[in-house]
Amino acid sequence: MKTSDIKIMFERADKEFPIQSGKKEQTFEKMSLELERQKHPVERINSILINQFLYIDKSVLYVYGALICLEFIVVIGLQSMGIDTKMMISCCMVWSGIFSVTSIILIDKLFFGRMAELGASCYFNTKQSVAAYMIAVEGINLIMLMVIALYVGAYWEISIIQLMIYLMTPFLLSNVAAFGILSTETGRNSPFLLFASGMFLSAIYMMVSVIPNVFVLSSIGIWGIICFIMIILFSFEVRYFFIKVEKGELLCMN
């Protein structure tokens, strides 16, 4: 049957069964109300986010908050011990690495603990949830690093920009290493690898202080180059990670 024949049949049916004007108006009114309701949903996006935050498991956030408090206690303790500038910078580098690895461990616990599909079942998919988490936690990390840099820089008389480069380099390096592990099936199935990588990198950061002239102003250019390379690597890793999340490869591998 041709399309034109079908069209003729519908036109003939319309003539044989006339539409009542009253019913037609009621239908238009219902359609208009439904369209208006869809344009202005009952619950807005900020209300949904607040409600989801109220009902999520906050135990990991408490652990993260305790870690931040512990950092301030350690810094004050090291200050009272009177350690030198090089050792203080190395300790701050260790803490920046710990923060970055911890945030990745929390991603693994929250979104890839064989419950990712359930966590993404209400309003948001897994990619959006992980992205929102990363923006929030990495934002907190950067704020905490800035606060520590201001405090340490003021007491030990170190340039804030110079100190931030020292802290951002291990922070990004630890992120690159942790994301690389989390992007593999073995890394997600064995959280010990993330912990071990954090311990290994922390040992390296402590050994940096024994290198002569490593924290002098003349070497800041080398630190800046390393930091820039870490930024590029981290950007590519995050992009690759989200591509795998969007395709569902990470969920299927869990």
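My aim in this report is to walk through the structure given alongside it, one point at a time. Note that the structure is a prediction, hence the values are computed from the model and not measured.

Of the regular secondary structure elements, the chain holds twelve helices and zero strands. Listed by position from the N terminus, the elements making up the chain come as α-α-α-α-α-α-α-α-α-α-α-α. Expressed as a percentage of the 254 residues in the chain, the buried residues total 37%. For the chain, the accessible area works out to roughly 15900 Å², and carbon and sulfur atoms hold 69% of it.

To continue, consider the state of the cysteines. With the rule as written, the count across this model stands at zero disulfides. For Cys91, which is in no disulfide, the shortest distance to another cysteine sulfur is to Cys92 and amounts to 7.0 Å. Its relative accessible area of 13% is what places Cys91 among the buried residues.

Our next topic: the environment of Val137. Take Val137: it is sitting in helix H7 (residues 126-156). By relative accessible area, which is 7% here, Val137 ends up buried. For the pair Val137 and Leu61, spaced 76 residues apart in the sequence, the C-alpha separation amounts to 9.6 Å. Residues within four places of Val137 in sequence aside, it is in contact with Tyr64 and Ser103.

Residues Met88, Met134, Val152, Leu163 and Phe215 are the most contacted members of the largest nonpolar core, which totals 53 residues. Of all the secondary-structure elements, those providing two or more residues to this core are helix H4 (59-81), helix H5 (85-111), H7, helix H8 (160-182), helix H10 (191-208) and helix H11 (220-247). Looking at this core element by element, the count peaks at twelve residues for H8. When sequence neighbours within four positions are dropped, the list of residues in contact with Phe215 reads Lys86, Ile89, Ser90, Met93, Gln162, Tyr166, Val208, Ser209 and Trp223.

Rules behind the numbers
- Residues numbered from 1 in each chain as written.
- Predicted model: local features only at pLDDT ≥ 70, side-chain atom pairs only at ≥ 80, totals over all residues.
- Heavy atoms only, no water.
- Helix = DSSP H or I, 4+ residues; strand = E, 2+ residues; numbered from the N terminus.
- Buried < 20%, exposed > 50% of the residue type's maximum accessible area, 1.4 Å probe, protein only.
- Areas by Shrake-Rupley, 256 points an atom, 1.4 Å probe, with all protein chains shown as cover.
- Disulfide = S-S within 2.5 Å.
- Contact = heavy atoms within 4.5 Å.
- Core = buried A, V, L, I, M, F, W, Y, C linked by side-chain atoms within 4.5 Å.

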